[in-house]
Amino acid sequence: MEVTLNGAPIYFEIPILGGIPITATLVVTWVIMVLLTLFCVFLTRDLKVKDVSKRQAVAEFLVKTAENFVNNNMGPAFARYVPFVAALFCLSLVSSLSSLLGCFSPTADLSTEIAWAVLVFVLITATKIKTNGVLGYAKGFTQPIPVLTPFNIISELATPVSMAFRHFGNIVSGYVISTLVYAALLAANRALFGLIPGAVGTVLGAIPFLDVGVPAVLSLYFDWFSSFMQAFIFCMLTTMYIANAAEAD
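As the structure is a prediction and not an experimental result, all values here were calculated from the model.

Conventions used here
Residues numbered from 1 in each chain as written. Predicted model: local features only at pLDDT ≥ 70, side-chain atom pairs only at ≥ 80, totals over all residues. Heavy atoms only, no water. Patch = residues over 30% accessible without salt bridge, like charges linked within 9 Å, V, L, I, M, F, W, Y side chains within 5 Å. Areas by Shrake-Rupley, 256 points an atom, 1.4 Å probe, with all protein chains shown as cover. Salt bridge = Lys/Arg side-chain N within 4 Å of Asp/Glu carboxyl O. Helix = DSSP H or I, 4+ residues; strand = E, 2+ residues; numbered from the N terminus. Buried < 20%, exposed > 50% of the residue type's maximum accessible area, 1.4 Å probe, protein only. Contact = heavy atoms within 4.5 Å. Axes fitted to C-alpha atoms, helices over the stretch in contact; angles between N-to-C directions. Parallel < 35°, antiparallel > 145°, perpendicular 65-115°, else oblique. Left-handed = near helix turned anticlockwise from the far one by under 90°. Phe/Tyr/Trp six-rings, centres within 6.5 Å; stacked < 30°, edge-to-face > 60°. 1 Å grid on protein atoms, 1.4 Å probe; cavity = no way out; pocket = protein on both sides within 12 Å on 5 of 7 lines; lining within 4 Å. Points joined across faces, edges and corners; volume = space filled by probe spheres on them.

Some points on a nonpolar patch on the surface
Taken together, the side chains of V27, V31, V34, L35 and L38 present a nonpolar region at the surface, about 430 Å² in accessible area. Along the chain, V34 falls in helix α1 (residues 24-43).

Remarks on the pattern of salt bridges
In the structure shown here, the tally under the stated rule is one salt bridge. Two residues, E156 and K128, come together in a salt bridge whose shortest N-O distance is 2.9 Å. Highlighted residues: E156 in helix α5 (residues 149-193) and K128 in helix α4 (residues 110-140), separated in sequence by 28 residues.

So, the environment of I124
In this structure, I124 sits in helix α4. Classification of I124 as buried rests on a relative accessible area of 4%. In this structure, the C-alpha to C-alpha distance between I124 and Y241, residues 117 residues apart in sequence, is 6.6 Å. Setting aside residues up to four positions removed in sequence, I124 forms contacts with T159, Y241, I242 and A245.

Points about the side chain of Q56
One can find Q56 in helix α2 (residues 54-74). Not counting chain neighbours up to four residues away, the residues in contact with Q56 comprise L43, D46, L47 and K48.

What to know about the packing of α4 against α5
Viewed as axis vectors pointing N to C, α4 and α5 meet at an angle of 155°, and their least axial separation amounts to 8 Å. Here α4 is positioned roughly antiparallel relative to α5, judged by the angle of their axes. Classified by chirality, the crossing of α5 by α4 is right-handed.

Focus: the environment of I233
With respect to the helices, strands and loops of the structure, I233 is situated in helix α7 (residues 214-245). Residues I233 and R166 lie 67 residues apart in sequence; the distance between their C-alpha atoms is 9.5 Å.

Concerning the packing of aromatic side chains
Aromatic ring pairs are reported here in terms of the distance separating the ring centres and the angle at which the planes meet. Scanning the model with the defined rule gives six aromatic pairs in all. Consider the rings of F69 and F232, whose centres lie 5.5 Å apart with planes at 65°: the pair is edge-to-face. You can see F69 sitting in helix α2 and its partner F232 sitting in helix α7, a full 163 residues away along the chain. Classification of F69 by relative accessible area gives buried; the value is 18%. On the basis of relative accessibility, which here comes to 29%, the residue F232 falls in the partly exposed class. The interplanar angle of 35° and the centroid separation of 6.1 Å between the aromatic rings of F78 and Y81 together place this pair among those described as tilted. Residue F78 is classed as buried on the basis of its relative accessible area of 11%.

Here we look at the layout of surface pockets
Taken as a whole, the largest pocket encloses approximately 850 Å³ of empty space. Along the walls of the largest pocket sit 28 residues, with L62, A66, A86, A87 and C90 positioned nearest its centre. Sorting the residues of the lining of the largest pocket by element identifies α1, α2, α3 (82-97) and α7 as the ones contributing at least two each. For the lining of the largest pocket, the element with the most residues is α3, which contributes 11 residues.

Encoded structure:
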């Protein structure tokens, strides 16, 4: 059964899967993951030690960039997190930019950011337990004084919430602002050419002259720069939280 809102499909259910709702977020996310996987396979084919191809040079550059990012923020001891952080960054960036192709952006769905944040939170908690032990981890909530235990627990649980809502809020705010600007330009276009009397003013007012140029400039920030920065910040917080969790209390 397909569920729609104003004629646009929100999700549909597949009976053979027990009526599990298949949302646009799931579909686009899986498509992006498949495309990223195929892109990685393409870049890493026929690797050579000498006389490397341009394709291999690009692959080596991307891997080196990811390694430098993790090493600079976490240290060489955390090199095992390079694939995870790189995958998280690419998935976040491409998910945000997918809206440029007319697709529903997975990052416009709060459940996407929550899933990522919960995954990072599990890694943070596992790192703390590995570093301090279960008793040491539990004891950390009583520091510096036991009376602060409830507040420390709230602070711990607030980590994934803040990460998810920060990413989601910045992405959605960009969509809202862009939509408002489009609407304002259309209204200004009609008002401006509406000053021309007769059919000429009506015809010209229906042509969105003012929408040429300005939206493209806004897209450079809200679609490209903002998407890159939100992916960068999310990965930066991920590396910092995990690295801090590895410090013994």
